[in-house]
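Below, each chain spelled out in residue letters.
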Amino acid sequence: MKPSIPKGTRDFSPVEMARRNYILDTIRQVYFRYGYQQIETPAMENLTTLTGKYGEEGDQLLFKILNSRIHESKNKPALLEDFQRSLEKNTNSELLTERALRYDLTVPFARYVVMHQNDITFPFKRFQIQPVWRADRPQKGRYREFYQCDADVIGSDSLLNEVELIQIMENVFDQLNINVAIKINNRKILSGIAEIIGAGDMIVDITVAIDKLDKIGLEKVNEELRNKGLDEKAIQKLQPLLVFKGNTADTIAFLKTLLNDFEIGKKGIQELEYVFQLADSSFLELDITLARGLNYYTGAIFEVKANGVQIGSITGGGRYDDLTGIFGLPNVSGVGISFGIDRIYDVMNELGLFENLDLKQSGTRVMFVNFGQEEEKFCLKEIKKLRNAGINAELFPDQAKMKKQLAYADAKKIPYVILIGSEEMTSGIFTIKNMNSGEQFKKRLEDVMEELKG
RNA sequence: GUGAUUGUAGCUCAGUUGGUUAGAGCGCUAGAUUGUGAUUCUAGAGGUCGCGGGUUCGAGCCCCGUCCUUCACCCCA
């Protein structure tokens, strides 16, 4: 049998893992620094927890898990009927599937908050780094299994949270040395705009369409709006907004005149202004065409693009006012972001940012060559001292030929090899070989440790 | 879901209008070198040409189907 893995999934080699962990450690550290606590939730959720939260398109992308032992069902006629129906259209049958793999971390988090509301002290700042699954067609920067690194604050309306999340994004990308643009918009503004043109019910279609302005241009956006059923009058009303160009201050002034009579829109502008003022970030850009598809956003929305790399957004997020409501805990507002580390990895790889990175802390620094039974015993004691001193060290497990053992160290890029034979055992002075230069020295273990620490 | 694209050795890829036994480089194993890797030399192992069917005297090459890869759309991290 030829081994293979499912479409859109990947194995990660040791080198890739070292690099991924570098990114993950950076994010984790920043999250802790801002006072976020880590949680985990199961890979699978009850299907009812997930459906209806991501829009029609999102529901289609859920990986559903077939119920086990359906062959033992006592109600096979009903099962067959449900199966027949599922061949016709996308329906959920509890008889066929009760569980699905999580699609993101935000909805499971909302479920978690409701279930543990009595144990949580609000506002709750949590982060979560786990894989999610989507039954998408894979392409560049898109996988069926990928990690999200979420940070959310739930139970606080304060815009200070938005500001803090912007600072977190700045911190992380600064540390990773990636040049980014942090784009921000506000759903309330988009709602206001939809209201102005008299199409409040079509806000999702409108936002999805204008989100593509950069990519497909004005004509195509108008065409799509027409196709979605927006009337010509409304489209005309929308034009000034679509063609508007200007810096943040200009844009806000423009929006103010546009949305002056609409409460929601005005509120959105106020929020934006406040966040801009406090964040005081040179990376932050107002982008009124930023929409984001996820249904549950109600306030600020964020998206981060890497400059100079052709790939989708590498981080996204926003405020959601009532995600916990459907689970029975109304009026709890939350705001969060999610780093897509698989895409961040691709970006760093493309920019060559891994080349000069020092990832040695995870690799072996010294290898002891194994010369025989007596030497093994001796080396085991010596290697313990190195490990206790915090130096990554290993002893070659087999009494193989020296050639084989050195080739192993070379392949693993271990910088130092210590040779201890009978001569070294009696003198207590070891032979240490620098694998980069090929040079050899005679040294005591204490001196070796000094050198390796430095 | 729609439209393209790819598949030959562990990896990267050649393979002529269909013609006998499918090649190269790198890697791997062994030796030259019994305490020295990365350089050099020598030898060796490794392939159901993605899978299934068809055309043909004959298919890696042509046709159909299917799966996989990659990419765009939709949507999204």
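Each value, and the rule that gives it
Residues numbered from 1 in each chain as written. Chains lettered and ligands numbered in written order. Predicted model: local features only at pLDDT ≥ 70, side-chain atom pairs only at ≥ 80, totals over all residues. Heavy atoms only, no water. Near = heavy atom within 4 Å. Polar contact = N/O pair within 3.5 Å; in protein donor to acceptor, adjacent residues only side chain to side chain. Helix = DSSP H or I, 4+ residues; strand = E, 2+ residues; numbered from the N terminus. Nonpolar A, V, L, I, M, F, W, Y, C, P; charged D, E, K, R; others polar. Core = buried A, V, L, I, M, F, W, Y, C linked by side-chain atoms within 4.5 Å. Buried < 20%, exposed > 50% of the residue type's maximum accessible area, 1.4 Å probe, protein only. Contact = heavy atoms within 4.5 Å. Pairing = 2+ DSSP bridges. 1 Å grid on protein atoms, 1.4 Å probe; cavity = no way out; pocket = protein on both sides within 12 Å on 5 of 7 lines; lining within 4 Å. Points joined across faces, edges and corners; volume = space filled by probe spheres on them.

1. What about the protein's contact with RNA strand B?
Around RNA strand B, 39 residues are found, and the nearest of them are Arg134, Arg142, Ser313, Met435 and Gln440. Put simply, 52% of the atoms of RNA strand B that lie within 4 Å of the protein are in sugar or phosphate. Within the side chain of Arg134, an N or O atom sits 2.5 Å from a sugar or linking oxygen of RNA strand B. One nitrogen or oxygen atom from the main chain of Tyr143 is found 3.0 Å from a base nitrogen belonging to RNA strand B. Looking at the surface near RNA strand B, the elements that each hand over two or more residues are β6 (145-154) and α15 (402-411). The element contributing the most residues to the surface near RNA strand B is α15, with five residues. Of the residues in the surface near RNA strand B, the class split is eleven nonpolar, eleven polar and 17 charged.

2. Some details on the nonpolar core
Tyr31, Ile168, Ile178 and Phe339 are the most contacted members of the largest nonpolar core, which totals 101 residues. No other element matches the eight residues that helix α6 (residues 160-176) contributes to this core. Aside from chain neighbours lying at most four places away, what touches Ile168 is Val30, Tyr31, Tyr34, Tyr36, Ile337 and Phe339. Counting 17 residues, the second largest nonpolar core, distinct from the first, contains Ile383, Leu395, Ile432 and Val448.

3. Things to note about the sheet that holds strand β3 (residues 64-65)
Strand order in the open sheet formed by three strands is β2-β4-β3, and the pairing between neighbours is antiparallel. Edge positions in the open sheet fall to β2 (44-46) and β3, since each of these has one partner strand only.

4. Notes on the side chain of Asn161
By secondary structure assignment, the location of Asn161 is in helix α6. A relative accessible area of 9% places Asn161 in the buried class. Side-chain polar atoms of Asn161 contact the side chain of Ser156, separated by 2.7 Å. Every residue in contact with Asn161, bar those within four places of it in the chain, is listed here: Val153, Ser156, Arg319 and Val335.

5. Some points on unusual backbone geometry
The omega torsion of the bond from Phe122 to Pro123 falls at -5°, within 30 degrees of zero and hence cis. The phi angle at Arg69 is positive, at roughly 55°, despite the residue not being glycine. Overall, the relative accessible area of 56% leaves Arg69 in the exposed class. Within the chain, Lys413 stands out as a residue other than glycine whose phi angle is a positive 55°.

6. Thoughts on empty space enclosed by the protein
For the structure shown, the criterion picks out two cavities of 30 Å³ or more. Along its surface, the largest cavity is lined by Ile193, Ile196, Ile197, Lys237, Leu238, Leu241 and Leu258. Taken together, the elements giving at least two residues each to the lining of the largest cavity come down to α7 (187-196) and α10 (232-243). When its residues are assigned to classes, the lining of the largest cavity shows six nonpolar, no polar and one charged. In this model, the second largest cavity occupies a volume close to 30 Å³. In terms of lining, the second largest cavity is formed by Leu159, Ile184, Asn185, Asn186, Glu271, Leu272, Val275 and Ala300. Grouping the amino acids of the lining of the second largest cavity by side-chain chemistry returns five nonpolar, two polar and one charged.

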